[in-house]
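Listed below are the residues making up each chain.
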Amino acid sequence: MKTRKLGEITVSEIGMGCMAFSHGYGKIPPEQYSIEAIQNAYQHGCTFFDTAEVYSPNLAGIGHNERIVGKALHNVREHTVLATKLFLNSSEVRADGSVYKAVRRHLESSMERLQTDIIDLYYLHRTSGGVRIEDIAEAMGILIQDGMIRGWGLSQVDVDIIDRAHQIVSLSAVQNIYSMVERDVEKEVIPYCISHNIGVVPFSPIASGLLSGKITTETMFERNDDVRNWVPQLSRENIAGNQPIIDLLQQFADMKDSTSAQISLTWMLHKYPNVVPIPGSKNKERIIENLNASEVTLTEEEFRSLEESLNKCRVYGHRGFNR
Ligand SMILES: NC(=O)c1ccc[n+]([C@@H]2O[C@H](COP(=O)([O-])OP(=O)(O)OC[C@H]3O[C@@H](n4cnc5c(N)ncnc54)[C@H](OP(=O)(O)O)[C@@H]3O)[C@@H](O)[C@H]2O)c1
């Protein structure tokens, strides 16, 4: 698969979001299935794998997902880029004695679960923990010098926070929500990141499945641990309202002999050179389908036509994060 850069880190241009093997989209698959799905993705050319310490069933434990990713990839570890994330709050920092010690404690636990002695990309999952971003940046900088992480990143942040952090220690990537129906980052975040050599890693790039065209107003989501029950964009009214976007994707999918999910990924790859989406799926076939979006290309004329049509569509509802 083609590659891209997140700062100085080289990754496949489409990565793999591993969260759903542990949390967020209903019943999780048997562990062996998840391991094979991740290994298949690697064999198919994916080198970039996204996890987080909190991805566990019902968010009730720590590390379920990191353990699966670690088991799946330890034999090919040196050929992969592992990204994981930590939450940090000020009471932990007080208990540990410094931001550096607190971050390092989280990091060492993640490293053990991921069966690795270095994390390629270590993100702060949210900035809501009451710890100054400059202090976190400094701690990350020391961990880079220690050789424990290759680069660091932030998730779901605005350009003010990105700038404050990046001035202390260069960021490799920003992981924010981004899809054809969630485009706030186009205004400031992506332009800032392009001009400062920071990668952008869109999460929920298929809008939690909406852009695949497989979700209809009749779709029933699962009862347990399924975020789609509270995603406003997936209310029946909003699914119906967004139908013109789904139809547009289907039209392009037919034209390009591809699928709607693939077109939604190809659109962002075409639009920006620093974007590396991490679609999530707990299904082996759909994981490969999404990775194959790397082979679907749009001409400049096709892209412009898609973009112009998309810009005319009103988006109903959002994904459910602070805007
Ligand atoms: N930083 C953060 O705060 C944050 C937040 C959320 C997610 N993430 C990361 O981003 C990754 C991706 O986000 P996400 O999983 O929320 O959203 P997503 O990739 O937009 O969508 C996942 C959903 O779409 C379905 N889907 C995926 N590909 C499909 C296809 N080709 N055809 C039909 N349905 C398809 C999946 O169903 P099936 O499983 O049935 O295929 C699943 O229900 C996660 O795995 C996680 O690593 C980060």
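Values in this document were obtained by computation on a predicted structure and should not be read as measured data. Per chain, residues are indexed from 1 in the order of the written sequence. Owing to the predicted nature of the model, reporting of local features is limited to residues with pLDDT of at least 70; listing and counting of side-chain atom pairs is limited to 80 or more, with chain, interface and lining totals taken over all residues.

### A few points about the overall build of the protein chain
Logical step 1: Secondary structure elements follow DSSP: runs of H or I no shorter than four residues count as helices, runs of E no shorter than two count as strands, and numbering proceeds from the N terminus. Helices and strands together make up the secondary structure of the protein chain, namely 12 helices and nine strands.
Logical step 2: All radius of gyration figures rest on C-alpha atoms, and the globule criterion is 2.2 Å times the number of residues raised to 0.38. What you see for the protein chain is a C-alpha radius of gyration of 19 Å, in line with the 20 Å of a compact globule of 323 residues.
Logical step 3: Its C-alpha atoms give the protein chain principal-axis dimensions of roughly 55 × 40 × 35 Å.
Logical step 4: A burial count over the protein chain gives 47% of its 323 residues as buried. Whether a residue is buried, exposed or partly exposed follows from its count of other C-beta atoms within 10 Å of its own C-beta, namely 20 or more, 12 or fewer, or something in between, respectively; the C-beta atoms are built from the backbone.

### A closer look at the site of the ligand
Logical step 1: By definition, a residue lies near a molecule or strand when the C-beta atom built from its backbone is within 6 Å of it. Taken together, 28 residues sit near the ligand, with Gly17, Gly209, Ser212, Gly280 and Ser281 positioned nearest.
Logical step 2: For the shell around the ligand, the element with the most residues is helix α11 (residues 284–291), which contributes three residues.
Logical step 3: Residues of the shell around the ligand, tallied by class, amount to 11 nonpolar, 12 polar and five charged. Each residue receives one of three labels: charged for Asp, Glu, Lys and Arg, nonpolar for Ala, Val, Leu, Ile, Met, Phe, Trp, Tyr, Cys and Pro, and polar for the others, Gly being one of them.

### Focus on the pairing of strand β7 (residues 149–155)
Logical step 1: In terms of burial, β7 is largely enclosed, as five of its seven residues are buried.
Logical step 2: DSSP bridges decide pairing: two strands pair if at least two such bridges lie between them. Here five bridges tie strand β6 (residues 119–124) to β7, and the two strands are oriented parallel to one another. Counted as the bridge partner of Ile119 is Ile149 from β7.
Logical step 3: The β-α-β motif built from β6, the intervening helix α5 (residues 133–146) and the parallel element β7 has right-handed crossover chirality.
Logical step 4: Where β7 meets strand β8 (residues 173–175), three bridges bridge the pair, whose relative direction is parallel. Bridged to Leu154 within β8 is Val174.
Logical step 5: A crossover connection joins β7 to the parallel β8 through helix α6 (residues 159–168); in handedness this β-α-β unit is right-handed. A crossover gets the label right-handed when its path from the first strand over the helix to the second runs clockwise, viewed with the strands pointing away from the viewer.

### Thoughts on the sheet that holds β7
Logical step 1: Read from one edge to the other, the open sheet built from seven strands follows the order β3-β4-β5-β6-β7-β8-β9, with strand pairing classed as parallel. With one partner strand each, in any of the chains shown, β3 (16–17) and β9 (199–200) form the two edges of the open sheet.
Logical step 2: Sitting on the sheet, α5 touches β6 and β7, and the angle it makes with β7 is about 160°. Residues are scored as being in contact if the C-beta atoms we place from backbone atoms lie within 7 Å. Only the stretch in contact is used when fitting a helix axis, every axis being a line fitted to C-alpha atoms; angles between N-to-C directions are given from 0 to 180 degrees.

### Section: the packing of α5 against α6
Logical step 1: The geometry of α5 relative to α6 is characterised by a closest axis approach of 8 Å and an angle of 40° between their N-to-C directions. In terms of orientation, α5 and α6 fall into the oblique class. For the element pair α5 and α6, the recorded crossing hand is right-handed. Contacts between α5 and α6 involve Ile133, Glu134, Ala137, Glu138 and Gly141 from the former and Ile161, Arg164, Ala165 and Ile168 from the latter. Oblique is the label for any angle not covered by the other classes, which are roughly parallel (under 35 degrees), roughly antiparallel (over 145) and roughly perpendicular (65 to 115). Take the far helix as the reference: if the near one is turned anticlockwise from it by less than a right angle, the crossing is left-handed, and if turned clockwise, right-handed.

### A short note on helix α10 (residues 260–271)
Logical step 1: The end-to-end C-alpha distance of α10 is 17 Å, a good match for the 16 Å that 12 residues give at a rise of 1.5 Å each.
Logical step 2: In this structure, the buried residues of α10 make contact with α9 (243–255), α11 and α12 (300–312). What a helix should span is 1.5 Å times the count of its residues minus one.

### A short note on the pairing of strand β5 (residues 81–86)
Logical step 1: For β5, a buried count of six out of six residues is recorded, marking the element as mostly surrounded by other parts of the structure.
Logical step 2: Of the two faces of β5, the one carrying Val81, Ala83 and Lys85 and the one carrying Leu82, Thr84 and Leu86 are both buried.
Logical step 3: Pairing geometry for strand β4 (residues 48–50) and β5, over three bridges, is parallel. Following the sheet pairing, Phe48 is matched in β5 by Val81.
Logical step 4: What joins β4 to β5 is helix α2 (residues 64–73), and the crossover it makes is right-handed.
Logical step 5: Two strands pair when backbone bridges link them, and β5 and β6 are joined in this way by four bridges, in the parallel orientation. Bridging across to β6, Thr84 finds its partner in Tyr122.

### What about the packing of helix α1 (residues 31–43) against α11?
Logical step 1: Viewed as axis vectors pointing N to C, α1 and α11 meet at an angle of 25°, and their least axial separation amounts to 10 Å. Looking at the two axes, α1 sits roughly parallel to α11. Every pair of crossing elements has a handedness; the one defined by α1 and α11 is right-handed. Two secondary-structure elements touch here, α1 through Ala37, Asn40 and Ala41 and α11 through Lys284, Ile287, Ile288 and Leu291.
Logical step 2: Its residues placed into classes, the contact of α1 with α11 shows five nonpolar, one polar and one charged.

### A short note on unusual backbone geometry
Logical step 1: Positive phi, close to 50°, is recorded for Ser204, a residue that is not glycine.
Logical step 2: Within the fold, Ser204 resides in the loop between β9 and α8 (236–241).
Logical step 3: Assessed through the 28 C-beta atoms surrounding it within 10 Å, Ser204 is described here as buried.
Logical step 4: Of note, the phi angle at Asp225 is positive, near 55°, even though the residue is not glycine.
Logical step 5: Mapped onto the elements, Asp225 comes out in the loop between β9 and α8.

### What about the environment of Asn283?
Logical step 1: By the secondary structure assignment, Asn283 is in the loop between α10 and α11.
Logical step 2: Using a count of 13 C-beta atoms within 10 Å as the deciding quantity, one classes Asn283 as partly exposed.
Logical step 3: Asn283 sits 281 residues away from Lys2 along the chain, and the two C-alpha atoms are 23 Å apart.

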